[in-house]
Amino acid sequence: MKKTILILLLLVGANCFAQQKLLTKKIVYTVNMTENKIHSSQEKDSVSYNYIVNKRFFWEAMDDVLASIKNKKLYLSTFSGDTIVWDTMIGNLTKALNNLDMRKYSKKDIDKVLENEIRAVKFMEEWTYNPQTMLIDKKIIAYQPMIQRDSVTLGEEDLQTKNFFSFELGWIRQTDNTPSDDVLQISRNIQYTMHIYNPKPYHWWDNNLEAEFSIPFFETLFAKTDLRAVLSYETPDAVEPFSLSDLEKRKKHSTTTSVFYVDKDGIETEKDTVITLTYNSDEVELLRFGEEVLYDKKSHAFIKNVNYYAPVIRIFSSDGQFIGFYPLYYIRKQ
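From a predicted model like this one, the values you see are computed outputs, not experimental measurements.

Some thoughts on the overall build of the protein chain
(1) Moving on: For the protein chain, the count of helices and strands is 6 helices and 16 strands.
(2) Moving on: Per-residue burial over the protein chain gives 38% buried out of 334 residues.
(3) Moving on: Taking as baseline every contact in the protein chain between residues at least 6 positions apart, the subset at least 24 positions apart corresponds to 64%.
(4) Moving on: Total accessible area computed for the protein chain in this model is approximately 19400 Å², and 52% of it derives from carbon and sulfur atoms.

Here it is in structure tokens:
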């Protein structure tokens, strides 16, 4: 009897695993842990870094990572896998900051930078999805802490923050994505929007999903949401899912275009006409995620659990000016 139960459990597990389909073998992108804003005072305008994760746990995780690298429990590497020695990384960071600020950074200065200015993490991941629920799973292959500084710049209408300096410490490879009993919850739900198609040649992994996997994924997603085989929502915390009519309205947009008419005398006239179009899967350029992020102190690994995601469209005015981002709908855990 026990043998039969074990076989059934193995079969169920195998079937669950077989359900997963590949969305990308490798994608690399940066997640900012802060939301940077302008802080104005009588003396000057400066940048304030507001953490959108648990600040204490994130700093504790970074302290653990840095200490483990120093003690040779973890190793830094390049993208291609070559080892980066700690002293070499510190030397490169010191040189970069010396050139940036036109002054000499001491060891104490560098320690302060490492303690206070790691504000982002770059991830290298493999994504799969369940074709029944269309939920996405992320397996982290490697990560690297990033030092970031912003500066104040003048936008089209007002002051804005702009990335002024970034330094990547080096990749930390991980093999274990199963949390232990010593885990820090960096964030219960961090939300960010990322580009998923990168036209830059020879960098197919940077913010880019391979078309051979992404096209079937989005076509299936749109088909299943249209049939309500997969429920979609207006917001991540909406009580009721979209009805068929609401979803159809959500995907429609109007635009003004010029239409040419030719009368019976062959005279051509031009008239502005409003036409209604429907967004389709080809127009999805970004994904918005809401995720739980964990750090395992035993394995020094990051773990992500996707709470929800949304396909996002870029919106333009009738004269071609970019207006903003439009999440079509949210797919979430039930």
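From this point, things continue past the structure.
Here's the deal with the pairing of strand β14 (residues 301–316)
(1) Moving on: In terms of residue burial, β14 counts as a mostly covered element, since 12 of its 16 residues are buried.
(2) Moving on: Two strands pair when backbone bridges link them, and strand β13 (residues 286–296) and β14 are joined in this way by 11 bridges, in the antiparallel orientation. Across the sheet, glycine 290 pairs through a bridge with tyrosine 308, a residue of β14.
(3) Moving on: From the end of β13 to the start of β14, which pair antiparallel, there are 4 residues, and histidine 300 there has a positive phi angle of about 55°.
(4) Moving on: Judged from the 2 bridges that link them, β14 and strand β16 (residues 331–332) form a sheet pairing that is antiparallel. Paired with tyrosine 309 across the strands is isoleucine 331, a residue of β16.
(5) Moving on: Both β14 and strand β15 (residues 322–327) contribute to a ladder of 5 bridges, which runs antiparallel. Residue pairing across strands places isoleucine 313 opposite tyrosine 326, the latter belonging to β15.

Here's the deal with helix α3 (residues 86–101)
(1) Moving on: Between its first and last C-alpha, α3 extends 23 Å over 16 residues, near the 22 Å set by a 1.5 Å rise per residue.
(2) Moving on: Listed in full, the buried residues belonging to α3 are Trp86, Met89, Ile90, Leu93, Thr94 and Leu97. Along α3, the residues classed as buried sweep out an arc of 135° about the axis, all on the same side. Of the exposed residues in α3, those oriented more than 90 degrees away from the buried face are Asp87, Lys95 and Asn99.
(3) Moving on: Looking one or two places after α3, you find methionine 102, whose phi comes out positive at around 55°.

Overview of the environment of tryptophan 204
(1) Moving on: As for its placement among the helices and strands, tryptophan 204 is situated in the loop between β10 (183–195) and α5 (211–226).
(2) Moving on: Residues tryptophan 204 and valine 28, 176 residues apart in the sequence, show an inter-C-alpha distance of 9.3 Å.
(3) Moving on: With near-sequence residues (within four places) excluded, tryptophan 204 lies in contact with Lys26 and Glu210.

Digging into the pattern of salt bridges
(1) Moving on: For the coordinates displayed, the defined rule picks out 16 salt bridges.
(2) Moving on: Here glutamate 125 ties to lysine 304 by a salt bridge, and the two come within 2.8 Å at their closest N and O atoms. Placement of the pair is glutamate 125 in strand β6 (residues 118–129) and lysine 304 in strand β14, with a sequence separation of 179 residues. In terms of burial, glutamate 125 and lysine 304 fall into one category: buried.
(3) Moving on: We note a salt bridge from lysine 252 to glutamate 248, for which the minimum N-O separation is 3.6 Å.

Scoring rules and cut-offs
Residues numbered from 1 in each chain as written. Predicted model: local features only at pLDDT ≥ 70, side-chain atom pairs only at ≥ 80, totals over all residues. Heavy atoms only, no water. Helix = DSSP H or I, 4+ residues; strand = E, 2+ residues; numbered from the N terminus. Buried < 20%, exposed > 50% of the residue type's maximum accessible area, 1.4 Å probe, protein only. Contact = heavy atoms within 4.5 Å. Areas by Shrake-Rupley, 256 points an atom, 1.4 Å probe, with all protein chains shown as cover. Pairing = 2+ DSSP bridges. Expected span 1.5 Å × (residues − 1). Arc of directions from axis to C-beta. Salt bridge = Lys/Arg side-chain N within 4 Å of Asp/Glu carboxyl O.

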